Amino acid sequence: QVQLVESGGGLVQPGGSLRLSCAASGSIFSIYAMGWYRQAPGKQRELVAAITNGGSTNYDDSVKGRFTISRDNAKNTVNLQMNSLKPEDTAVYYCNVEIQSSQTMAIRHYWGQGTQVTVSS
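Please read all numbers here as calculations on a predicted model, not as lab measurements.

Engineer: Tell me about the pattern of salt bridges, and please be specific about residues and values.
Structural biologist: Pairing between side chains of opposite charge can happen when their charged atoms approach one another. What the rule picks out here adds up to four salt bridges. Notably, a salt bridge pairs Asp89 with Arg66, separated by 2.8 Å at the nearest N-O pair. Highlighted residues: Asp89 in the loop between strand E8 (77–82) and strand E9 (91–101) and Arg66 in the loop between strand E6 (57–59) and strand E7 (67–72), separated in sequence by 23 residues. Of the residues examined, Asp89 reaches a relative accessible area of 1% and is grouped as buried. In this structure Arg66 comes out as buried when scored by relative accessible area, which is 10%. If you follow the salt bridges from partner to partner, you end up with Arg38, Glu46, Arg66 and Asp89 in one network.

Engineer: Break down the environment of Gly35 for me, with residues and values.
Structural biologist: Structurally, Gly35 can be placed in strand E4 (residues 28–39). Linking Gly35 and Asp89, residues 54 residues apart in sequence, is a C-alpha distance of 16 Å. Excluding residues within four positions of it along the chain, Gly35 makes contact with Ala49, Ala50, Ile69, Tyr94, Cys95 and Asn96.

Engineer: Lay out the side chain of Arg38 in plain terms, naming residues and giving numbers.
Structural biologist: Summarising the element assignment, Arg38 is placed in strand E4. A relative accessible area of 6% places Arg38 in the buried class. Among the polar contacts listed, one links the side chain of Arg38 to the side chain of Glu46, at a separation of 2.8 Å. Looking at Arg38, its side chain comes within polar contact range of the side chain of Asp89, at 3.0 Å. Each residue touching Arg38, except ones within four places of it in the same chain, is listed here: Gln44, Arg45, Glu46, Val48, Ser62, Val63, Phe67, Asp89, Ala91, Val92 and Tyr93.

How each quantity is defined
Residues numbered from 1 in each chain as written. Predicted model: local features only at pLDDT ≥ 70, side-chain atom pairs only at ≥ 80, totals over all residues. Heavy atoms only, no water. Salt bridge = Lys/Arg side-chain N within 4 Å of Asp/Glu carboxyl O. Helix = DSSP H or I, 4+ residues; strand = E, 2+ residues; numbered from the N terminus. Buried < 20%, exposed > 50% of the residue type's maximum accessible area, 1.4 Å probe, protein only. Contact = heavy atoms within 4.5 Å. Polar contact = N/O pair within 3.5 Å; in protein donor to acceptor, adjacent residues only side chain to side chain.

Next up, the structure:
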């Protein structure tokens, strides 16, 4: 069994900052790509940022220069530092982690439960 637990969402004013964290635990042999997605009401889920196990990152154009993704391999965590937040960043944010199970050795993607980020004055 693998679990992903997210934290750090909330309500923030435009221009403010939030930091999201996602911790993976359970039967983990290895972790590969890690990323953050978001889904706003009435819209499809979209990739916000991703980071490989080698540390290479990519960002959606809408968040470049404002968001920073990082990972701590020792703690099996991925973080998303969000600065200069805008109302259009309002969404439910989900972490997505590619994990190889220590039980089955199968590799698959796992999703966190989602955390609400609301940017409003």
